Amino acid sequence: MKALKCALLISIMLIGSAYTAQAEEQTYGLSMEQYEKYSVQRSSVVNMIPLTIWYGEDRINCDVFYSKEKIYVPLRNVAEMLGRTVIYDGGKNVISIIGTETENKADVIRFGARDVTVNQNKTPVYLGDKEITALKNSEYFESGFNCEGTLYIRLKDLTDAIGYYSYYDENMQLHISDVSERLKMLPIKEGTEVYEEYMEYKGNLPYEESVELNIHRPIFSRELMTEAERRAWNYYSQPHHYDDTSSSTFSYKGKDYIDVTVGMDQLDISFGKAIIFEVLPEEEIQSK
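Since the structure is predicted, the reported quantities are computational estimates derived from the model, not experimental observations.

K.L.:
Would you mind going over the layout of surface pockets with me for this structure?
P.N.:
Any space left empty among the atoms is revealed by the rolling of a water-sized probe across them. Reported here for the largest pocket is a volume of approximately 260 Å³. Every element with two or more residues in the lining of the largest pocket is listed here: helix H3 (75-81), strand E5 (85-89) and strand E11 (150-154). For the lining of the largest pocket, the element with the highest residue contribution is H3, accounting for three residues. The residue inventory of the lining of the largest pocket, partitioned by class, reads eight nonpolar, five polar and two charged.

K.L.:
What is the right way to look at the pairing of strand E7 (residues 115-120) in this model?
P.N.:
Within a regular strand, side chains alternate between the sheet's two faces. Two strands pair when backbone bridges link them, and strand E1 (residues 43-47) and E7 are joined in this way by five bridges, in the antiparallel orientation. Bridge assignment links Val-45 to a residue of E7, and that residue is Thr-117. Pairing analysis gives three bridges linking E7 to strand E10 (residues 144-147), with the strands arranged antiparallel. Looking at E10, one finds that Val-118 is bridged to Cys-147.

K.L.:
Where do I start with helix H4 (residues 155-162) in this structure?
P.N.:
An α-helix turns once per 3.6 residues; consequently, residues spaced three or four apart project the same way. Counting buried positions over the eight residues of H4 gives six, a clear majority of the element. Of the positions making up H4, those classed as buried are Leu-155, Lys-156, Leu-158, Thr-159, Ala-161 and Ile-162. Backbone geometry just after H4 places Gly-163 at a positive phi near 105°.

K.L.:
Teacher, can you tell me more about the pattern of salt bridges here?
P.N.:
Opposite charge on two side chains permits them to pair, given that their charged atoms come into close proximity. Applying the stated criterion across every chain, the model contains eight salt bridges. The salt bridge partner of Asp-63 is Arg-110, with a shortest N-O separation of 3.0 Å. Placement of Asp-63 in strand E3 (residues 58-67) and of Arg-110 in the loop between strand E6 (94-98) and E7 is noted, with a sequence separation of 47 residues between them. Taking the relative accessible area as the measure of exposure, Arg-110 reaches 45% and is therefore partly exposed. Among the ionic pairs, Glu-278 bridges to Lys-255, the shortest N-O distance being 3.9 Å. Of the two residues, Glu-278 sits in strand E17 (residues 269-279) while Lys-255 sits in strand E16 (residues 255-266), which places them 23 residues apart along the sequence.

K.L.:
Whenever I open this one, the sheet that holds E10 confuses me. Can you help?
P.N.:
The strands making up a sheet associate through hydrogen bonds between their backbones, and the pairing can be parallel or antiparallel. Pairing in this open sheet of nine strands is mixed, and the strands run E1-E7-E10-E11-E4-E3-E2-E13-E12 from one edge to the other. Sheet topology places E1 and strand E12 (164-168) at the edges, where each strand pairs with a single neighbour. Each adjacent strand pair in this sheet contributes to an overall mean axis angle of 35°, direction not counted. Pairing geometry for E10 and E11, over four bridges, is antiparallel. Within the sheet, the bridge partner assigned to Phe-145 lies in E11 and is Tyr-152. Along the sheet face, H4 touches strand E4 (70-74), E11, E12 and strand E13 (174-178) and points at about 75° away from the line of E11. Along the sheet, helix H7 (residues 222-236) makes contact with E12 and E13, crossing E12 at roughly 90°.

K.L.:
Honestly, unusual backbone geometry in this entry has me stumped. Any pointers?
P.N.:
Only a minority of non-glycine residues have a phi that is not negative, and only a minority of peptide bonds are not trans. Backbone geometry at Asn-93 places phi at a positive 55°, although glycine is not the residue there. You can see Asn-93 is positioned in the loop between E5 and E6. Judged by relative accessible area, which is 32%, Asn-93 ranks as partly exposed. For Glu-148, which is not glycine, the phi torsion reads 50° and is therefore positive. Relative to the assigned elements, Glu-148 resides in the loop between E10 and E11. A relative accessible area of 49% places Glu-148 in the partly exposed class.

K.L.:
Can you walk me through the packing of aromatic side chains in this structure?
P.N.:
Aromatic rings in a pair are described by how distant their centres are and how their planes are angled relative to each other. The tally for this structure, following the rule as stated, stands at nine aromatic pairs. Where Tyr-72 meets Phe-145, the ring centres are 5.6 Å apart and the plane angle is 65°; that geometry is what we call edge-to-face. Taken together, the residues Tyr-72 in strand E4 and Phe-145 in strand E10 connect sequence positions 73 residues apart. The same class applies to Tyr-72 and to Phe-145, which are both buried. Three or more aromatic residues joined by ring pairs form one cluster here, namely Phe-65, Tyr-72, Phe-111, Phe-145 and Tyr-152. Directly above the ring of Tyr-167 sits Arg-230, whose terminal nitrogen or CZ lies 3.8 Å from the centroid.

K.L.:
Got a minute to help me understand the sheet that holds E5 in this structure?
P.N.:
Taken together, four strands build an open sheet; the order of strands is E5-E6-E8-E9 and the sheet is mixed. Every interior strand has two partners, whereas the edge strands, E5 and strand E9 (130-131), have only one. The pairing of E6 with strand E8 (residues 125-127) spans three bridges and is parallel. The residue of E8 that forms the bridge with Ile-97 is Leu-127.

Here is what the cut-offs are and how they apply
Residues numbered from 1 in each chain as written. Predicted model: local features only at pLDDT ≥ 70, side-chain atom pairs only at ≥ 80, totals over all residues. Heavy atoms only, no water. 1 Å grid on protein atoms, 1.4 Å probe; cavity = no way out; pocket = protein on both sides within 12 Å on 5 of 7 lines; lining within 4 Å. Points joined across faces, edges and corners; volume = space filled by probe spheres on them. Helix = DSSP H or I, 4+ residues; strand = E, 2+ residues; numbered from the N terminus. Nonpolar A, V, L, I, M, F, W, Y, C, P; charged D, E, K, R; others polar. Pairing = 2+ DSSP bridges. Buried < 20%, exposed > 50% of the residue type's maximum accessible area, 1.4 Å probe, protein only. Salt bridge = Lys/Arg side-chain N within 4 Å of Asp/Glu carboxyl O. Axes fitted to C-alpha atoms, helices over the stretch in contact; angles between N-to-C directions. Contact = heavy atoms within 4.5 Å. Phe/Tyr/Trp six-rings, centres within 6.5 Å; stacked < 30°, edge-to-face > 60°. Lys NZ or Arg CZ within 6 Å of the ring centre and 35° of its normal.

Have a look at this one:
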């Protein structure tokens, strides 16, 4: 009987430990009390940083902040610089971005070098019928925050929805750019035929050997190669975890590609991540 009681006690302890571990996983490492408080308030304090954001020859000087290695920007100011208008529908409690340029652009809010309290934005933001902010209760952090009356969202959410990309120049000024119609980003995952076969010879053959085997490496303009590198970096990274990019070209079954590797440096560990772009012929673009 004593042995049975011990076994029962150990089972209860194991179940309790498993339940605690599961609860901690569901509350992202916070205590239940902390998580319940955060899930209601979703409030935090951030440090605003001044940044110049360019779109072509247009620019704005605004304050931004970083969270989870992503940059958050003032929605209205950036959307208006991109030729859009932001509309709030109080009846439906929805924010919409429409493709019409506004005549009266909003003033850029500057917070100065001080900490700012941000609160979870509970109003969804739409571009057409596509919601570009995630408002799932299960998420620990949200993509939109209200910063003393100014809505901030992740820049990548906005640019991806519109079809743009962003990058930093050597002076750490942020640029937003249109996507070239010639570059088609391909999914990078196991099972993709072009990726599997190319990675096989890429990983096993030195460059000199690949030349001897007549593996065709097309030549593209520096402008197109640079865009591929910047878009690959934009896909994987923000400025904190970024080392450099390298690119090469190859042909496969009559199509041309650019292979970009983004060097990452996280927690003293360096590694690379790849993106492959299919390069469409100029005549194919012009015929559209």
